Amino acid sequence: MHILLVEDEKGLHQEVKQFLLQSQYLVDSAFTYAEASEKIYVNSYDFVLLDLGLPGGDGLDLLREARQNDKQEASFIILTARGALDDRIKGLDLGADDYLPKPFSLLELQSRMQAITRRKFGLRRQEISFGQGFVMDVTARVLRHGAQEVPLTKKEFDLLHYLLLHKSRVLTRLQLGEHLWGNVLEDDSDSNYIDVHIKNIRKKLTAFAPADFLETVRGIGYRVTE
């Protein structure tokens, strides 16, 4: 998943970013209000981790601005030392999905992100069942068919996971590239980068069971059907 970390305290920023990278997330950084505002406007994120006290502006104003931008579907978690009740209420009223006061546990941050993802996509637990006998364990990052493991690479796992989260929705190659690996396709919308990964995923899945649920939408992208 693609995350924007908005935090001006560089030591904390680096600590959180390193933890998220080790947890297989893709992370962009912003240290000021202006930098964060630009990145939220230009890019699409799954999560924005937002400090309130930013150089150049208030994080609550940034949250309000982002929620007024219809293309921004990110889940927002406020990370701040400001623990006043009115700040928490205002942030939640403006559309924040959760609020984590500093200092916080990085494992708790990850757990809250996972809980938000489950609620957002209607998942009861960190496993997704699909096709004829496939089960994806999101926490362990393992795909199984029955008792056998399907040997996906990191990028193949992330791509299939993202398609599964957006089941029945057509995702373009640009959307897939942007959410999973940054803007790798921004200057080359005809790239077959995503196509190669989809081909490899299909080949590995069909070694266990049919993979006709993974559809190509000609001229647009891909989707996973029910």
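Since this is a predicted model, take the numbers as computed values, not measurements.

Some thoughts on the overall build of the chain
Right, on to step 1. For the chain, the count of helices and strands is 8 helices and 14 strands.
Right, on to step 2. Computed over its C-alpha atoms, the radius of gyration of the chain comes to 18 Å, within 12% of the 17 Å expected for a compact globule of 226 residues.
Right, on to step 3. The burial tally for the chain puts 48% of its 226 residues in the buried class.
Right, on to step 4. Put simply, of all contacts in the chain between residues at least 6 apart along the chain, 57% involve residues at least 24 apart.
Right, on to step 5. For the chain, the computed accessible surface area is about 11,200 Å², with 49% contributed by carbon and sulfur atoms.
Right, on to step 6. Taken as two groups, the 29 positive and 34 negative side-chain charges of the chain have centres that lie 6 Å from each other.

As for helix α8 (residues 193-206)
Right, on to step 1. Here α8 spans 21 Å end to end across 14 residues, near enough to the 20 Å set by a 1.5 Å rise per residue.
Right, on to step 2. Taken as a whole, α8 has its buried residues at I194, H197, I198, I201 and L205. Along the axis of α8, the buried residues cluster in a sector spanning 100°; they form a single face. Seen from the buried face of α8, the exposed residues on the opposite side, beyond 90 degrees, are K199 and K203.

Comments concerning the environment of L62
Right, on to step 1. Looking at the element boundaries, L62 is found in helix α3 (residues 59-68).
Right, on to step 2. Here the alpha-carbon distance between L62 and D51, two residues 11 residues apart in the chain, equals 10.0 Å.

A short note on the packing of aromatic side chains
Right, on to step 1. Counting across every chain of the model gives 3 aromatic pairs.
Right, on to step 2. Seen from their ring centres, F130 and F134 are 5.5 Å apart, and the 15° between their planes marks the pair as stacked. A single burial state applies to F130 and to F134, both of which are buried.
Right, on to step 3. Considering the side-chain rings of F130 and F213, the 5.4 Å spacing of their centres and the 75° angle between planes classify their relative orientation as edge-to-face.

Focus on the UniProt feature "modified residue: 4-aspartylphosphate" (unreviewed entry) in the chain
Right, on to step 1. Taking the numbering used here, the UniProt-annotated feature "modified residue: 4-aspartylphosphate" (unreviewed entry) corresponds to D51.
Right, on to step 2. Tracing the backbone shows D51 in the loop between β3 (47-50) and β4 (53-54).
Right, on to step 3. Every residue in contact with D51, bar those within four places of it in the chain, is listed here: V6, E7, D8, G59, L79, T80 and K102.

A closer look at the sheet that holds strand β8 (residues 127-130)
Right, on to step 1. Taken in spatial order, the 4 strands line up as β8-β9-β10-β11 in an open sheet, and their pairing is antiparallel. A strand with exactly one partner marks an edge of an open sheet, and here the two such strands are β8 and β11 (148-150). Adjacent strand axes in the sheet meet at a mean angle of 30° when their direction is disregarded.
Right, on to step 2. Sheet analysis places strand β9 (residues 134-137) next to strand β10 (residues 142-145), joined by 4 bridges and oriented antiparallel. If you follow V135 over to β10, its bridge partner there is R144.

Some points on helix α2 (residues 33-42)
Right, on to step 1. Among the residues of α2, those classed as buried are Y33, A36, S37 and I40. An end-on view of α2 places all buried positions within 100° of arc, on one side of the element. For α2, the exposed residues set more than 90 degrees away from the buried face come down to A34 and E38.

Overview of the sheet that holds strand β6 (residues 75-80)
Right, on to step 1. Strand order in this open sheet of 5 strands is β2-β1-β3-β6-β7, and the pairing throughout is parallel. Because the sheet does not close on itself, it has two edges, and the strands there are β2 (26-30) and β7 (98-101). Taking the axes of each pair of neighbouring strands and ignoring which way they run, one obtains an average angle of 20° across the sheet.
Right, on to step 2. Of the pairings in the sheet, the one linking β6 to β7 comprises 4 bridges and is parallel in character. Looking across to β7, one finds that I78 is bridged to Y99.

Reading guide: rules and limits
- Residues numbered from 1 in each chain as written.
- Predicted model: local features only at pLDDT ≥ 70, side-chain atom pairs only at ≥ 80, totals over all residues.
- Heavy atoms only, no water.
- Helix = DSSP H or I, 4+ residues; strand = E, 2+ residues; numbered from the N terminus.
- Rg over C-alpha atoms; globule rule 2.2 N^0.38 Å.
- Buried < 20%, exposed > 50% of the residue type's maximum accessible area, 1.4 Å probe, protein only.
- Contact = heavy atoms within 4.5 Å.
- Areas by Shrake-Rupley, 256 points an atom, 1.4 Å probe, with all protein chains shown as cover.
- Lys, Arg positive; Asp, Glu negative; His and termini not counted.
- Charge placed at Lys NZ, Arg CZ, Asp CG, Glu CD.
- Expected span 1.5 Å × (residues − 1).
- Arc of directions from axis to C-beta.
- Phe/Tyr/Trp six-rings, centres within 6.5 Å; stacked < 30°, edge-to-face > 60°.
- UniProt positions renumbered as here; feature names shortened; annotations may be inferred.
- Pairing = 2+ DSSP bridges.
- Axes fitted to C-alpha atoms, helices over the stretch in contact; angles between N-to-C directions.

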